[in-house]
Amino acid sequence: MGLNADTKAVVRAQLADRIDMLGRELSHLSQSGIAYAVDDIRREARLAQMETLAALASGLERAMATSGGITIVMPYLEAMGDALECDGLPAAAQASLLASVGVRLHG
């Protein structure tokens, strides 16, 4: 069962604030603190059925685990902010948004 439009708008605004705050506080957080915040965003996105955002958060979690660094975080956060406006994308469009992170990272 999905959220009604008003509730989803509130959740979207809260997630946008959390993504923005994470970006602002990035230099003051440990890698585990960032991972915890990203995991929290991913879980909330899944509950709100914002699958594109949840997929990007999962991708960031994997990238942080394999790269061992936080330099890749900002491009993911930017894409996660974009994903808030792209609710309900088909799988192929979600994959394109994920691929855009690579472009942001590597030009």
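The coordinates are above.
Quick look at the structure, then. (Residues numbered from 1 in each chain as written. Predicted model: local features only at pLDDT ≥ 70, side-chain atom pairs only at ≥ 80, totals over all residues. Heavy atoms only, no water.)

Describing the nonpolar core
Grouped together as the largest cluster of nonpolar side chains are 28 residues, with contacts concentrated most on Met 50, Leu 53, Leu 60 and Met 80. Mapped by element, the contributors of at least two residues to this core are α1 (5-25), α2 (31-47), α3 (51-67), α4 (73-83) and α5 (91-106). A per-element tally of this core places α3 first, with 7 residues. With residues up to four places along the chain from it excluded, the contact list for Leu 60 reads Val 38, Ile 72, Val 73, Tyr 76, Leu 77 and Met 80. (Core = buried A, V, L, I, M, F, W, Y, C linked by side-chain atoms within 4.5 Å. Buried < 20%, exposed > 50% of the residue type's maximum accessible area, 1.4 Å probe, protein only. Helix = DSSP H or I, 4+ residues; strand = E, 2+ residues; numbered from the N terminus. Contact = heavy atoms within 4.5 Å.)

A closer look at the packing of α1 against α2
The description of two packed helices rests on the angle between their axes and on the distance between the axes. Packing of α1 against α2 leaves a shortest axis separation of 11 Å and a crossing angle of 165°. By the criterion of interaxial angle, the relationship of α1 to α2 is roughly antiparallel. Like other packed secondary-structure pairs, α1 and α2 cross with a definite hand, here left-handed. Packed against α1, whose contacting residues are Val 11, Leu 15, Arg 18, Ile 19 and Leu 22, the element α2 presents Ile 34, Ala 37, Val 38, Asp 40, Ile 41, Glu 44 and Ala 45 at the interface. (Axes fitted to C-alpha atoms, helices over the stretch in contact; angles between N-to-C directions. Parallel < 35°, antiparallel > 145°, perpendicular 65-115°, else oblique. Left-handed = near helix turned anticlockwise from the far one by under 90°.)

Section: α2
Helix length check: α2 (17 residues) gives 24 Å between terminal C-alpha atoms against 24 Å at 1.5 Å per residue, within 8%. Within the span of α2, buried status applies to Ile 34, Val 38, Ile 41, Arg 42 and Ala 45. The buried side chains of α2 occupy one side of the element, clustering within an arc of 100° when seen end-on. The exposed residues of α2 that point more than 90 degrees off its buried face are Ser 32, Tyr 36 and Leu 47. In the core, the buried residues of α2 are packed alongside α1, α3 and α4. Phi for Gln 49, located one or two positions after α2, is positive at around 60°. (Expected span 1.5 Å × (residues − 1). Arc of directions from axis to C-beta.)

Remarks on the environment of Met 74
Topologically, Met 74 is positioned in helix α4. What makes Met 74 partly exposed here is its relative accessible area of 34%. Spatially, the C-alpha atom of Met 74 lies 9.5 Å from that of Val 101, the residues being 27 residues apart in sequence.

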